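Structure assessment
Here is how the chains run, residue by residue.
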Protein chains: 4
Amino acid sequence: MPRVSAEHLAVRRDHIVAAALRCFARDGFHATSVRDVVRESGLSAGAVYSYFRSKDDLVAAAVEPVVEGLLHAVDEAVLDRGASPGEVVGRLLERIYPLVVEGDVDYTRIAVTAWAEGLRDPAVRGIAQRTYGRVRERLSECVAHWRDAGHLPNDTDPEVLGQLLFSVVVGFVMQHALLGDVDPHRYAAAATLLLPPAHGGADR
Amino acid sequence: MPRVSAEHLAVRRDHIVAAALRCFARDGFHATSVRDVVRESGLSAGAVYSYFRSKDDLVAAAVEPVVEGLLHAVDEAVLDRGASPGEVVGRLLERIYPLVVEGDVDYTRIAVTAWAEGLRDPAVRGIAQRTYGRVRERLSECVAHWRDAGHLPNDTDPEVLGQLLFSVVVGFVMQHALLGDVDPHRYAAAATLLLPPAHGGADR
Amino acid sequence: MPRVSAEHLAVRRDHIVAAALRCFARDGFHATSVRDVVRESGLSAGAVYSYFRSKDDLVAAAVEPVVEGLLHAVDEAVLDRGASPGEVVGRLLERIYPLVVEGDVDYTRIAVTAWAEGLRDPAVRGIAQRTYGRVRERLSECVAHWRDAGHLPNDTDPEVLGQLLFSVVVGFVMQHALLGDVDPHRYAAAATLLLPPAHGGADR
Amino acid sequence: MPRVSAEHLAVRRDHIVAAALRCFARDGFHATSVRDVVRESGLSAGAVYSYFRSKDDLVAAAVEPVVEGLLHAVDEAVLDRGASPGEVVGRLLERIYPLVVEGDVDYTRIAVTAWAEGLRDPAVRGIAQRTYGRVRERLSECVAHWRDAGHLPNDTDPEVLGQLLFSVVVGFVMQHALLGDVDPHRYAAAATLLLPPAHGGADR
DNA sequence: TATGAATGAGGGTTCATTCAT
DNA sequence: GATGAATGAACCCTCATTCAT
């Protein structure tokens, strides 16, 4: 089937990534064998290896869209500069939730496996550090604006609060994946109430 | 009548678990082979298998004390009923941090691997659900008290806020293990400020 | 009526063989994959397989010109019927050396790989047996002439001496390929001294 | 079957090496899979890998006794200092032949595969260079003695003649392995006649 | 009893070869 | 006709686990 279009190649690649994501979400990276992905994709081992140099490559390729999705979501959530940090986090959660559970793949499970993988695999850890670092930066900036708008004390530390707000997202992902009993909308609504406007505050 | 005392057996078992924890914190569950644990423990494969039926058993045994430690810490942190939920979480963080990084094992790494393992191993997931469920209950109770003390609106949902407060702990663990740049004391201090007492007192 | 001329086909074929020889000399037959040859030739897998039914075929095709070169060289070296067998071998060595190391391919390396391949591949073994058998025959004939000229005892066994003289060539090839420290000209000069004319001998 | 004696371990190791030698002599190193050796040994893959770290290790272990045997043989053949170099080579051939074809393994086939392997594998090449280098040294020394005894011209170059005499051995091995038609005793007898004593004695 | 040699299924990966395009 | 994507058997090696000693 040679001399196929570049589009066909991209489609095939995505097909394999999708199959891998199903496997990874089901069993995690380590407990998923390349054979499993091969079976799930309906292709052959050789075909998979012609698109990805190694299992690690496949893992990285599977992780990438997930983190990209998160980055994109946070960029959008942060656009409304007047919103409180809690509102931003709430919006972020609402925004990622459909992405996260859409279709047959629960991306929160992918994320949790990726965290564990990041403990050992420097490449995965690098992706995580870069991406999550950027998400926290956005949230910190948000906190800084909120402080500058007079809703937070002047000595507020945006960096730590960014970490704390990021934890709200991380905790949602972990609880959704592992405990499975978090209602996304109630959770997001609660997050929205964090760091509310100062009562007599500046935002009026 | 056993040749060796029950105490001796328990010591041996703990010795193996300790060796396993060192390996697991270093490499994660999957990348740690039973052989690694055998080597680390200085015992023989047969010895390890006489204390644990399988690797999964060993994993579960290693996970248990970690989550038990958390449970214990939350029980203590929650004792002061007058404290705000944020203060409870802050105290919880301060309390678990020494446990968490004490000695040669970083328990936040164990926790992250355990989460991933819980995605597929029902035993590990069971432990996680039970323990983390109880931690969240304590936090929810704390929220309920705080609400009943007039610091939160009457329609406050303690369950969701418990999940959110739990996220603050989860997020700390994950960021410490994977990103490695969270200052535990600043983070705990920031957490303390969550859900502050209502200014004039009750929710009027 | 073919689309491309037979000559064009032959050129293509030689092009592939040349590429294969470069790979084989570098890595040996087994460690060279068909893919390597495809890459080296700049053609496609299909193209290579349209000229050679299998990798074994390609190996045989690559071996053939090498041994043919040897056969040709011995035919020339043997022309001077008055020369001693040692002189013939010396001339043979001088003659094959430029062929052997000329260009980018060290044919002694090909030869050594081919010997090993001949242990299991009947086609290669056949080529080796036929060609080397003929080389030995020539050398044996040479010995017989030398004996008949009175330089060797009448009970001299030309066959065994042919094997022995052939060994001088084989040993040169092996030492050049594997040990890499034989000076071809000194070696050839030494070979020339083998089986010298009888002192008061018949050839005067 | 643990806690076995060191002797048992050595026996097992030798058993595996013997099985490997049978496979290697039959098919060469590359065409022999570890599976083949496992099958031939009657053990399991894991067992083989508990004695040898890798296939390369097994190859090295199989090559070692062969080259050791050659070294030992040359040391013995060289003992009689009054013998001509040809006699030494003849004796060397007679001495290695039984070793070489004894039992079910034709070691000349192992040697030829090892040569080919040495082209790529530096470890094997190292063994070859060291061993064959020493064999050639012995033969060169022999030539030097012979020259000093007056049987060769004073300007004789022992090094090159050592290479040439070594070729007689190499050529025998190659012809025996690949062409299979060399009579060892006739060949050795012919080798004995090389570099005969000067007729009237010394070179006066 | 405690040992650690042995097992063999399964791990990730590469290969010669084919055939739809 | 030439291409190169696809195949799937086989590659080397590691693993959790067992059981003869």
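About the criteria used
- Residues numbered from 1 in each chain as written.
- Chains lettered and ligands numbered in written order.
- Predicted model: local features only at pLDDT ≥ 70, side-chain atom pairs only at ≥ 80, totals over all residues.
- Heavy atoms only, no water.
- Contact = heavy atoms within 4.5 Å.
- Buried area = accessible area lost by both parts, 1.4 Å probe.
- Salt bridge = Lys/Arg side-chain N within 4 Å of Asp/Glu carboxyl O.
- Helix = DSSP H or I, 4+ residues; strand = E, 2+ residues; numbered from the N terminus.
- Nonpolar A, V, L, I, M, F, W, Y, C, P; charged D, E, K, R; others polar.
- Buried < 20%, exposed > 50% of the residue type's maximum accessible area, 1.4 Å probe, protein only.
- Arc of directions from axis to C-beta.
- Polar contact = N/O pair within 3.5 Å; in protein donor to acceptor, adjacent residues only side chain to side chain.
- UniProt positions renumbered as here; feature names shortened; annotations may be inferred.

Counting residues at the interface gives 42 residues for chain D and 42 residues for chain C. Taken together, the two surfaces of chain D and chain C that pack against each other cover about 3,700 Å², and 67% of this comes from carbon and sulfur. Of all residues in chain D, Leu119(D), Leu164(D) and Leu178(D) give up the largest surface area on contact with chain C, accounting jointly for 18% of the area buried on that side. At the boundary of chain D with chain C, the tally comes to 6 salt bridges. Taking the shortest distance from any N to any O, the salt bridge between Arg136(D) and Asp181(C) comes out at 2.5 Å. Mapped onto the side of chain D that touches chain C, the elements with two or more residues apiece are helix 1 (6-31), helix 6 (107-120), helix 7 (122-148), helix 8 (158-179) and helix 9 (184-192) of chain D. Top contributing element to the side of chain D that touches chain C by residue count: helix 8 of chain D, with 16 residues. The class makeup of the residues in the side of chain D that touches chain C is 23 nonpolar, 9 polar and 10 charged.

Those residues of helix 9 of chain D lying buried are Pro184(D), Tyr187(D), Ala188(D), Ala190(D) and Ala191(D). One side of helix 9 of chain D holds all its buried residues, which, seen down the axis, span an arc of 160 degrees. Each element contacted by the buried residues of helix 9 of chain D is listed here: helix 8 (158-179) of chain C together with helix 5 (85-101) and helix 8 of chain D. Capping of helix 9 of chain D at its N-terminal end is provided by Asp183(D); its side-chain oxygen lies 3.1 Å from the backbone amide nitrogen of His185(D).

Glancing now at the UniProt feature "domain: HTH tetR-type" (unreviewed entry) in chain A. Those places that UniProt annotates as "domain: HTH tetR-type" (unreviewed entry) correspond, in this numbering, to residues 10-70 of chain A. Between the C-alpha atoms that bound residues 10-70 of chain A there is a distance of 22 Å. The span itself is 87% helix and 0% strand.

Before going further, it helps to examine the interface of chain A and chain B. Taken together, the contacts link 42 residues of chain A with 42 residues of chain B. Both faces combined, the contact of chain A with chain B buries some 3,700 Å², and carbon together with sulfur accounts for 67% of it. It is Leu119(A), Leu164(A) and Leu178(A) that lose the most area in chain A upon contact with chain B, and together they represent 18% of the buried surface on that side. Viewed at the interface, chain B and chain A are joined by 6 salt bridges. The partner of Glu159(B) in a salt bridge is Arg186(A), and the shortest N-O contact between them spans 3.1 Å. Inspection of the region where chain A meets chain B yields 21 residue pairs in polar contact (both at pLDDT 80 or more). Looking at the side of chain A that touches chain B, the element that brings in the most residues is helix 8 (residues 158-179) of chain A, giving 16 residues. A class-by-class count of the residues in the side of chain A that touches chain B yields 23 nonpolar, 9 polar and 10 charged.

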